[in-house]
Amino acid sequence: MRRPLDFYETPLSFTRALLDRIETDVYGTVLEPCNGDGAISNELRINGFKVKTNDIDSSRESDYHYDATKKTLWKKKPSWTITNPPFSSAHKIIPLAHEWSRHGVACLLRLTYLEPCRNRADFLAQYPPAIIVLPRFSFTRNGGTDTVTCAWFIWNKEYMRRPKVNNLESQVTVVTREKLRKYESS
């Protein structure tokens, strides 16, 4: 059974793994459109980023309480969007984030998001992401691991505008459990 509003908190080490890879690329205001308990936005602020937050759940502390699947939120035009969206709504949120974010988008998703399903195949074909693959993790905190690992999917518009220097359209980075332990202890 899924949690209400598909809420699963992001591990601190996952956000640190993302920042290790893209920190120098991110500037301007970052929007966290699915803020939840603030796991991502708090770490971004600690690292000096200007962050605006949103969560559809009005009981959660956020700057805004819009539905991230609708254009209203996105008219704020963030420089970057960094989030762990509800997987059930990701196919609606990511294209809006990509359209309205000026410089880039990073989303924590199940690796199965790469599957060319009807609701995302065209977007993924047009905008292949760079990916940071992470070890399996128990988002339910019941001691087991999820059946599918997750990854950060990154659409850096500045990089995408550059001429291709080879035939690779995206890049895959793998983060080991040992590396995550280092992020946890730092």
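The text that follows walks through the structure, step by step, so that each part is easy to find. (Residues numbered from 1 in each chain as written. Predicted model: local features only at pLDDT ≥ 70, side-chain atom pairs only at ≥ 80, totals over all residues. Heavy atoms only, no water.)

Points about the sheet that holds strand S7 (residues 172-174)
Strand order in the open sheet formed by 7 strands is S2-S1-S3-S4-S6-S5-S7, with mixed pairing between adjacent strands. In this open sheet, the two edge strands, each paired with only one partner strand, are strand S2 (50-53) and S7. Averaged over neighbouring strand pairs, the angle between their axes works out to 20 degrees when direction is ignored. Judged from the 4 bridges that link them, strand S5 (residues 130-133) and strand S6 (residues 150-156) form a sheet pairing that is antiparallel. For Ile-131, the partnering residue across the bridge sits in S6 and is Phe-153. In this fold helix H1 (residues 12-22) packs onto strand S3 (80-83), strand S4 (104-110), S5, S6 and S7, with an angle of close to 35 degrees to the strand it touches most, S6. (Pairing = 2+ DSSP bridges. Helix = DSSP H or I, 4+ residues; strand = E, 2+ residues; numbered from the N terminus. Axes fitted to C-alpha atoms, helices over the stretch in contact; angles between N-to-C directions. Contact = heavy atoms within 4.5 Å.)

Describing the environment of Glu-32
For Glu-32, the location among the structural elements is in strand S1 (residues 29-32). When sequence neighbours within four positions are dropped, the list of residues in contact with Glu-32 reads Ile-40, Ser-41, Lys-52, Thr-53, Asn-54, Ile-82, Thr-83 and Asn-84. Within the structure, Glu-32 has its side chain in polar contact with the side chain of Thr-83 (distance 2.8 Å). (Polar contact = N/O pair within 3.5 Å; in protein donor to acceptor, adjacent residues only side chain to side chain.)

A few points about the environment of Lys-50
As for its placement among the helices and strands, Lys-50 is situated in strand S2. Note: C-alpha distance between Lys-50 and Leu-31 (19 residues apart in sequence) is 8.7 Å. Those residues in contact with Lys-50, other than ones at most four positions away along the chain, are Gly-28, Thr-29 and Val-30.

Structural notes on the packing of H1 against helix H2 (residues 39-46)
For the pair H1 and H2, the least separation of the axes is 9 Å and the interaxial angle reads 50 degrees. Taken as axis vectors, H1 and H2 run oblique relative to one another. The two elements H1 and H2 meet at a crossing, and its hand is right-handed. Counting all contacts with H1, which are made through Leu-12, Thr-15, Arg-16 and Leu-19, the residues of H2 involved are Ile-40, Glu-43 and Leu-44. Looking at the contact of H1 with H2 residue by residue, the class counts come to 4 nonpolar, 1 polar and 2 charged. (Parallel < 35°, antiparallel > 145°, perpendicular 65-115°, else oblique. Left-handed = near helix turned anticlockwise from the far one by under 90°. Nonpolar A, V, L, I, M, F, W, Y, C, P; charged D, E, K, R; others polar.)

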